Amino acid sequence: MIGAISYAQNEPNGNIGRHGIDISGMKAPKPHMAEVTEPQAYYTVSTATLSIELDPVYYSQYTIILQSDYASLDYIVTSPVVNIPVGSLDSVVDIYIESDDCGCYYGTLNQSAYGNTY
């Protein structure tokens, strides 16, 4: 079962317009894996950019999939921080972060919840 999705307030470090997105686990990492840091996701209103921070050791194990009503985008991860422009996608974007070994995660970005109507 997929967990509830919620939105955080502006980040405490002063990044006005940068909002946290709750990414819930769908599948736990395999037991043989060392401690894997769970992904963190943020949406920056001014640039309509989704930023995803992955485990700095195991980031290459992940694939990020963004799905909206009219588009589906797959990203092969090449660094622990991924910045994806989402302004051209629909207002609601489903986020899937998948890995065979490091767990799978799900979240939803609703751009219109922050006043954007891209």
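Residues numbered from 1 in each chain as written. Predicted model: local features only at pLDDT ≥ 70, side-chain atom pairs only at ≥ 80, totals over all residues. Heavy atoms only, no water.

Caption draft 1: Region of the structure containing the environment of Asn-110. Position of Asn-110 relative to the elements: it lies in strand E10 (residues 104-110). By relative accessible area, Asn-110 is classed as partly exposed at 22%. For Asn-110 and Val-93, which are 17 residues apart along the polypeptide, the C-alpha to C-alpha distance reads 6.4 Å. Side-chain polar atoms of Asn-110 contact the side chain of Ser-112, separated by 2.6 Å. (Helix = DSSP H or I, 4+ residues; strand = E, 2+ residues; numbered from the N terminus. Buried < 20%, exposed > 50% of the residue type's maximum accessible area, 1.4 Å probe, protein only. Polar contact = N/O pair within 3.5 Å; in protein donor to acceptor, adjacent residues only side chain to side chain.)

Caption draft 2: Up close: the confidence of the model for the chain. Considering every residue of the chain, the mean pLDDT works out to 82; 82% of them sit at 70 or more. Note on residues 1-15: pLDDT under 50 across the span, and 33 contacts to partners over four residues away in sequence or across chains. (pLDDT = per-residue confidence, 0-100. Contact = heavy atoms within 4.5 Å.)

Caption draft 3: Representation of the side chain of Ser-51 within the structure. Assignment of secondary structure puts Ser-51 in strand E5 (residues 49-53). A polar contact is formed between the side chain of Ser-51 and the side chain of Asn-83, at a distance of 2.5 Å. Discounting residues that sit within four places of it in the chain, Ser-51 has contacts with Arg-18, Gln-40, Ala-41, Tyr-42, Val-82 and Asn-83.

Caption draft 4: Examining the state of the cysteines more closely. All chains considered together, the criterion is met by zero disulfides. Considering cysteine sulfurs only, Cys-102 is the nearest to Cys-104, which forms no disulfide, with 9.5 Å between them. You can call Cys-104 buried: its relative accessible area is 10%. (Disulfide = S-S within 2.5 Å.)

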